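Coordinate analysis (summary)
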Amino acid sequence: MVFEANTPPSLEIVWVKLKSSSDTAWRHDIVVGVVYFPPRCPYGDEMCDHIVDVVDLVRALSNSTTLLIAGDFNDLDTQPIELHTLLRQVVLEPTRGNSILDKIFTDMGSDYREPTTCAPLGKSDHLIVSLQPLTRQAPRQNVNFSVRPHRDSSVRSFGQWITHANWSDVDEQPDASLQAERLQEILTARYHSHFDEVSIKRRVNDKVWMNNRIRRLITTRNDHHDRGDMQSYKQARNVVQREISQAKKNFGARKVHHLRRTEPGKWHQQIKGLTGMRKSSVSKLASDKMPAEFAHELNCHFASICNRLPSLDVSALPAYLPSLPPPKINRHEVYKRLKKLNASKAGHPGDIPIRLIKEFAYEISEPLTTIFNNCLQTGHFPSCWKTASVCPVPKTTPVVDFSQLRPLSITPILARVFEGFLAEWMMADVKPMIRPTAIWEYEGQFCEPLSCEPSR
């Protein structure tokens, strides 16, 4: 939070207050001042007086608050600051040439190690000063994740296989559920064999455009600086700057190109990701539990909502005889629906990418049509299509109970295609039976029941 210090407009200094909490190792609040004093600036006395006044104000408000003032002081005489505030200047090594221009004044010297310097940042000619605490917290873990890039060679290789694929292994299964499982196994295995997995390590504090090449160049640049080879250091520094500039441009171009191909809702999602905004967390519920244990309990809670409903008693249903046989789906209808899939929509973890399903919709439609028609003939929905990837979304904040979460479920994409046929047929039967004048709800009050009787 910003600390109100009534800074004169002629001075370049910002004050912030870091609040202590149970989540940090800070024992007290810390007021931090960040200073830039230009060379040959005529406001030296005013800068010193202002810093002394703010230090006195901080100590008057709280005896437990500590201070840290850091920045580029250039040719400012800082002895009055040390004399009147009793803060100690802890930087002892030159930060530019043979001079100590970048200084740190603090009353927490006993809690920190001696400051160290390293290679300048970017094109700056001032060394970086690092101040490390004596008691270090456990380092935050790097994030490792795997992706399967869609290279053109991989897509062509997958296409050569699927255009000559023999689906007899799927057709020979005794029921639709086993057929769906076998189809999923074949597609997944082939996808993994044709699209190589690439592991990516992302450090916690990495910028979104950071890559391994830039990391290697930065390491080389720092090595040259540590050896004192300033000519090689400057060359490596310029290479790092060019690579970073190009990486930022490429990242922005890729993001804009991707967003242009997605629906408008994705713009908000991507902006939240770029700005570091995060959704409400349910971590308080799981703070004292292992992730697997918490996930199991949450899964049981969501499942119990449906389990409380009685099972459908087919014998209790009214008989409408003679009943019509279920419609038969032809391959062309399945093909058209696969081609209309939205590749920007989220997929189930067990699915192959929707982009591939659209690309090879004609080939996949052959075994899929057989499975759909078998489901209609037997009246059974494949078990593997009943699984869902569930994301708990908080209804309120903070979340203190499972009842304050609602499940956001993602089912397999092939199941959604089949459900599309069922929904279309059901609406075709039900919609003519609904009176156009029926009122469902008016200002939150249920006024007239929705009738399924034919209008007279």
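Sequence positions are assigned chain by chain, starting from 1 and proceeding in written order. Side-chain atom pairs in this predicted model are given and counted only at pLDDT of 80 or more, local residue features only at pLDDT of at least 70, and totals for whole chains, interfaces and linings cover all residues. The side-chain quantities take in all heavy atoms of the structure and omit both hydrogens and water.

Considering the pattern of salt bridges
A carboxyl oxygen of Asp or Glu within 4 Å of a side-chain nitrogen of Lys or Arg is what we treat as a salt bridge. Evaluation of the coordinates by the stated rule reveals 8 salt bridges. For E243, the salt bridge is made with R213, and the minimal N-O distance between the two is 3.3 Å. With E243 in helix α7 (residues 230–260) and R213 in helix α6 (residues 212–227), this residue pair connects regions lying 30 residues apart in the sequence. Accessibility here uses a 1.4 Å probe with only protein chains present; expressed as a share of the type maximum, an area under 20% marks a residue as buried, one over 50% as exposed, and anything in between as partly exposed. Note on E243: relative accessible area 23%, which makes it partly exposed. By relative accessible area, which is 43% here, R213 ends up partly exposed. Where salt bridges share partners, they join K17, K19 and D29 into one cluster. Helix and strand assignments come from DSSP, with helices taken as H or I runs of at least 4 residues and strands as E runs of at least 2, each series counted from the N terminus.

Here's the deal with the environment of W385
Along the chain, W385 turns up in the loop between α12 (361–378) and β10 (389–394). Linking W385 and I413, residues 28 residues apart in sequence, is a C-alpha distance of 8.7 Å.

Considering the nonpolar core
Here, nonpolar core means buried Ala, Val, Leu, Ile, Met, Phe, Trp, Tyr and Cys residues that are tied together by side-chain atoms lying within 4.5 Å of each other. Judged by nonpolar contacts, the single largest core of 37 residues is most densely connected at W167, L338, F372 and W385. Every element with two or more residues in this core is listed here: α3 (152–162), α5 (176–194), α10 (331–339), α11 (354–359), α12 and α13 (413–430). Sorting elements by how many residues they give to this core places α12 first, with 7 residues. Note on contacts: a residue pair is in contact if any heavy atoms of the two residues lie within 4.5 Å. The residues contacting W167, other than those within four sequence positions of it, are W161, I162, L183, I186, L187, E363, E366 and P367. With 21 residues, the next largest nonpolar core counts V35, C48, I81 and F105 among its residues.

Thoughts on unusual backbone geometry
The phi angle of most residues is negative, glycine excepted, and most peptide bonds adopt the trans form. Of note, N74 is a non-glycine position whose phi angle comes to about 50 degrees, a positive value. Along the chain, N74 falls in the loop between β3 (66–72) and α2 (79–85). The phi angle at L86 is positive, at roughly 60 degrees, despite the residue not being glycine. In this fold, L86 is placed in the loop between α2 and β4 (88–89). Classification of L86 by relative accessible area gives exposed; the value is 70%.

As for a negative patch on the surface
Put simply, a patch holds well-exposed residues, over 30% relative accessible area, that have no salt bridge, with like charges counted together within 9 Å and Val, Leu, Ile, Met, Phe, Trp or Tyr side chains within 5 Å. Surface exposure here means Shrake-Rupley accessible area, sampled with a 1.4 Å probe, where a residue is shielded only by the protein chains that are shown. Positive charges come from Lys and Arg, negative ones from Asp and Glu, while His and the chain ends are left out of the count. Throughout, a charge is located at the NZ atom of Lys, the CZ atom of Arg, the CG atom of Asp or the CD atom of Glu. Negative charge collects at one region of the surface, where D45, E46, D49, D53, D56 and D77 lie side by side. Tracing the sequence through the fold places D45 in helix α1 (residues 44–61).

Looking at the packing of aromatic side chains
Aromatic rings from Phe, Tyr and Trp, with only the six-membered ring used for Trp, were paired whenever their centres fell within 6.5 Å, and each pair was classed as stacked if the ring planes differed by under 30 degrees, edge-to-face if by over 60, and tilted otherwise. Taken as a whole and assessed by the stated rule, the structure comprises 15 aromatic pairs. Ring centres of Y191 and F195 lie 5.0 Å apart, and the angle between their planes is 40 degrees; on these two criteria the pair is classed as tilted. Neither residue differs from the other here; Y191 and F195 are each classed as buried. Summarising the aromatic geometry, the rings of F294 and F402 are spaced 5.8 Å apart at their centres and angled 50 degrees between planes, so their arrangement reads as tilted. One end of the pair, F294, is in helix α9 (residues 291–307); the other, F402, is in the loop between β10 and β11 (405–410), with 108 residues separating them in the sequence. The exposure classification of F294 matches that of F402, with both residues buried. One aromatic cluster is present, built from ring pairs that chain together F158, W161, W167, Y191, F195 and F360. Above the ring of Y362, the side-chain terminus of R331 is found at 3.9 Å from the ring centroid. When the ring centre of F421 is taken as reference, the NZ or CZ atom of R337 above it lies at 4.0 Å. Look at NZ for Lys and CZ for Arg. If either is within 6 Å of the ring centre and within 35 degrees of the ring normal, a charge sits over the ring.

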